[in-house]
Amino acid sequence: MTAKLFGTDGVRGTANQYPMTVEMALRLGAAAGRYFRRDNKRHRVVIGKDTRLSGYMFENALTAGFNSTGMDCFLIGPVPTPAVGMLTTSMRADVGVMISASHNPHMDNGIKLFGPDGFKLSDEAEAAIEQLVHEGTSPAQPDNIGRAKRIDEGRFRYGERLKTSLAGISLQGLKVVIDCANGAAHRTAPEILWELGADVIPVGTSPNGFNINDNCGSTAPHMAAQAVIESGADLGICLDGDADRVMIIDEKGRIADGDQLMALLAGSWASAGRLNARTLVATVMSNLGLERYLADRGMTLLRTAVGDRHVVEAMRKGGFNLGGEQSGHIVMTDYATTGDGLLAGLQFICEMIRTGHSASDLSSTFETVPQLLKNVRYPSGTAPLEAASVQQAIAAAEADLAGKGRLLIRKSGTEPLIRVMAECEDATLLETVVQGVVDEIAAQVA
């Protein structure tokens, strides 16, 4: 076990293949338990999951690992990832765990860890836990072995917290399509919207262990867009498998990504004096048009590496309260410790009610610069980006884009993919430079 366990968002991989094996989950639970349980007092861990079939075995394995080091486990079942962050603090737990591979297909799964403050762990904490995984941990004495208890009201606690973020605003008279991607929010999201007064049209709310993110949710919003058109809904909210990201669909069926939502909220919050330091935190993937929009209005875009964890770290370090990713992670630290798709959707609805504008009026806040992203899958153990010919192709593409746009190439932190992204006003040049790099990378892995 020499490969690095933690990626950009916890441990992730194909179920029953390294690192997502039952043995590894057991060892990871024991290691995290030993890391957080540093005395003989009883300690707690909150464990949530999404709806993947493999979630059952990982839940049991993690529970056994934590119990073996003296941690009491509260099993809260299928809940959104942000609910785990919230419940970790509200239930005075020492650590929170979400079992999910987010937007990935059902055969993948992952383990995300939260500290007692409800935020995802730092690089240093993950490295220390990973070291314990490899070295092994000493079990608790027989009298100190932990217990496990299933908690059914976790999603209701989370729902009540979300409803308070609307400050008494009612959704009465609004028709809302909610696509839950057959995932963790399949009960929570429709319930909250209905309780707030909306006429709810649910999509992707029949999980069977295999259909999470399958042609639905934020990565495949076409089904929800069709439901919006057919039902005459005011908007659609599309979540991913663990409900920490969102896409908004306007009443005309058009899709708005995280950049557009962040632009809307940043502008509104800045006008109300709520945007700390008039700064939005986003990643290197966010559109250049967003940066221009903010600059024109006296706001700053602070860019980070890809991953909502990096966004949150920058927000906490700088005291900023709004950030996110183009992919739909929207982080509002006034309300939550991590990206929350449903919370972001509710805040969009608040802007609709506050301004009296339609979803289509609010979901195209700025003019996007043409952006093209292509992925190349590569075999494990290979490093195609290190090839001289690939480096030459990248250098040539950067030269072609000099003064006209930008090029970003990175490895995915959750899948064996190399992502090639460029932005440029010239669509022909954009296609040419991206395809040139993609072809060279593909030649190395063929």
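Further up the page is the structure itself.
Calculation rules
- Residues numbered from 1 in each chain as written.
- Predicted model: local features only at pLDDT ≥ 70, side-chain atom pairs only at ≥ 80, totals over all residues.
- Heavy atoms only, no water.
- Buried < 20%, exposed > 50% of the residue type's maximum accessible area, 1.4 Å probe, protein only.
- Helix = DSSP H or I, 4+ residues; strand = E, 2+ residues; numbered from the N terminus.
- Pairing = 2+ DSSP bridges.
- Polar contact = N/O pair within 3.5 Å; in protein donor to acceptor, adjacent residues only side chain to side chain.
- Axes fitted to C-alpha atoms, helices over the stretch in contact; angles between N-to-C directions.
- Left-handed = near helix turned anticlockwise from the far one by under 90°.
- Contact = heavy atoms within 4.5 Å.
- Nonpolar A, V, L, I, M, F, W, Y, C, P; charged D, E, K, R; others polar.
- Salt bridge = Lys/Arg side-chain N within 4 Å of Asp/Glu carboxyl O.

*Asks:* Hey, could you run me through the pairing of strand β12 (residues 279–283) in this one?
*Replies:* When a strand is regular, its side chains alternate between the sheet's two faces. β12 sits mainly inside the fold: 5 of its 5 residues count as buried. Because side chains alternate across β12, one face comprises the buried residues Thr279, Val281 and Thr283, and the other comprises Leu280 and Ala282, equally buried. Summarising the sheet, β12 and strand β13 (residues 300–304) pair through 5 bridges and their orientation is parallel. By the bridge assignment, Val281 is partnered in β13 with Leu302. Pairing between β12 and strand β14 (residues 322–324): 2 bridges, direction parallel.

*Asks:* Whenever I open this one, the environment of Thr355 confuses me. Can you help?
*Replies:* Along the chain, the position of Thr355 falls in helix α11 (residues 341–355). The class for Thr355 is partly exposed, based on a relative accessible area of 29%. Sequence separation between Thr355 and Cys216 is 139 residues; the distance between their C-alpha atoms is 30 Å. There is a polar contact of 2.7 Å between the side chain of Thr355 and the backbone oxygen of Glu351.

*Asks:* How do you make sense of the packing of helix α1 (residues 22–36) against helix α2 (residues 55–68) when you look at a structure like this?
*Replies:* Packed helices, taken two at a time, are described by the angle between their axes plus the distance between the axes. Packing of α1 against α2 brings their axes to within 7 Å, and their N-to-C directions diverge by 35 degrees. As α1 packs across α2, the resulting crossing turns out to be right-handed. Contact residues: α1 offers Val22, Ala25, Leu26, Gly29, Ala30, Ala32 and Gly33, while α2 offers Met57, Phe58, Ala61, Leu62, Ala64, Gly65, Phe66 and Ser68. Within the contact of α1 with α2, the residues separate by chemical class into 11 nonpolar, 4 polar and no charged.

*Asks:* So what exactly am I meant to see when it comes to the pattern of salt bridges here?
*Replies:* Pairing between side chains of opposite charge can happen when the charged atoms of each approach one another. Enumeration over the complete set of coordinates arrives at 24 salt bridges. Ionic pairing is found between Arg309 and Glu126, a salt bridge with its closest N-O pair at 3.7 Å. Note that Arg309 is positioned in helix α10 (residues 308–318) and Glu126 in helix α4 (residues 123–135), a separation of 183 residues in sequence. Side by side, Arg309 and Glu126 carry an identical accessibility label, which is buried.

*Asks:* What's the story with the sheet that holds strand β18 (residues 417–424) in this structure? I'm lost.
*Replies:* In any sheet, the strands associate via hydrogen bonds between backbone groups, in a parallel or an antiparallel arrangement. One open sheet holds the 3 strands; their spatial order is β16-β18-β17, and the pairing between them is antiparallel. The sheet is open, and its two edges are formed by β16 (371–377) and β17 (405–411), each paired on a single side. In this sheet, adjacent strand axes meet at a mean angle of 10 degrees when their direction is disregarded. Both β16 and β18 contribute to a ladder of 7 bridges, which runs antiparallel. Considered in β18, the bridge of Leu373 is made with Met421. Taken strand by strand, helix α14 (residues 427–445) contacts β16, β17 and β18, and its axis lies near 5 degrees from that of β16.

*Asks:* What should I look at first to understand the side chain of Glu59 in this one?
*Replies:* For Glu59, the position within the fold is in helix α2. At a separation of 3.3 Å, a polar atom in the side chain of Glu59 contacts the side chain of Lys49. Within polar-contact distance, the side chain of Glu59 engages the side chain of Arg150 at 3.3 Å. Not counting the four nearest positions on each side in its chain, Glu59 is found in contact with Ile47, Lys49, Leu75, Ile99 and Arg150.

*Asks:* Sorry, what's going on with α10 here?
*Replies:* Residue pairs three or four apart in sequence face the same way in an α-helix, which turns once every 3.6 residues. When we look at burial in α10, the residues that qualify are Asp308, Arg309, Val311, Val312, Ala314 and Met315. On its buried face, α10 is in contact with α4, β12, β13, β14 and β15 (330–332). Phi turns positive one or two residues past the end of α10, at Gly319, with a value near 75 degrees.

*Asks:* I would appreciate a short explanation of the pairing of strand β10 (residues 246–250) in the present structure.
*Replies:* Most of β10 sits out of view: 5 of its 5 residues are buried. Side chains Val246, Ile248 and Asp250 project from β10 onto one buried face, and the interleaved Met247 and Ile249 project onto a second face that is buried too. Where strand β9 (residues 235–239) and β10 come together, 5 bridges link them in antiparallel fashion. Residue pairing in the sheet places Cys238 in a bridge with Met247 of β10. Direction of pairing for β10 relative to strand β11 (residues 255–256): antiparallel, over a ladder of 2 bridges. By the bridge assignment for β11, Ile248 is matched with Ala256. Here β10 folds back onto β11, and the loop between the two strands holds 4 residues, one of which, Gly253, carries a positive phi near 85 degrees.

*Asks:* Even after reading the chapter, I still don't get the environment of Met71, so can you show me in this structure?
*Replies:* Relative to the assigned elements, Met71 resides in strand β3 (residues 71–78). In this structure, the C-alpha to C-alpha distance between Met71 and Phe366, residues 295 residues apart in sequence, is 49 Å. Excluding residues within four positions of it along the chain, Met71 makes contact with Gly33, Phe36, Arg37, His43, Arg44, Val45, Phe66, Asp94, Val95, Gly146 and Arg147.

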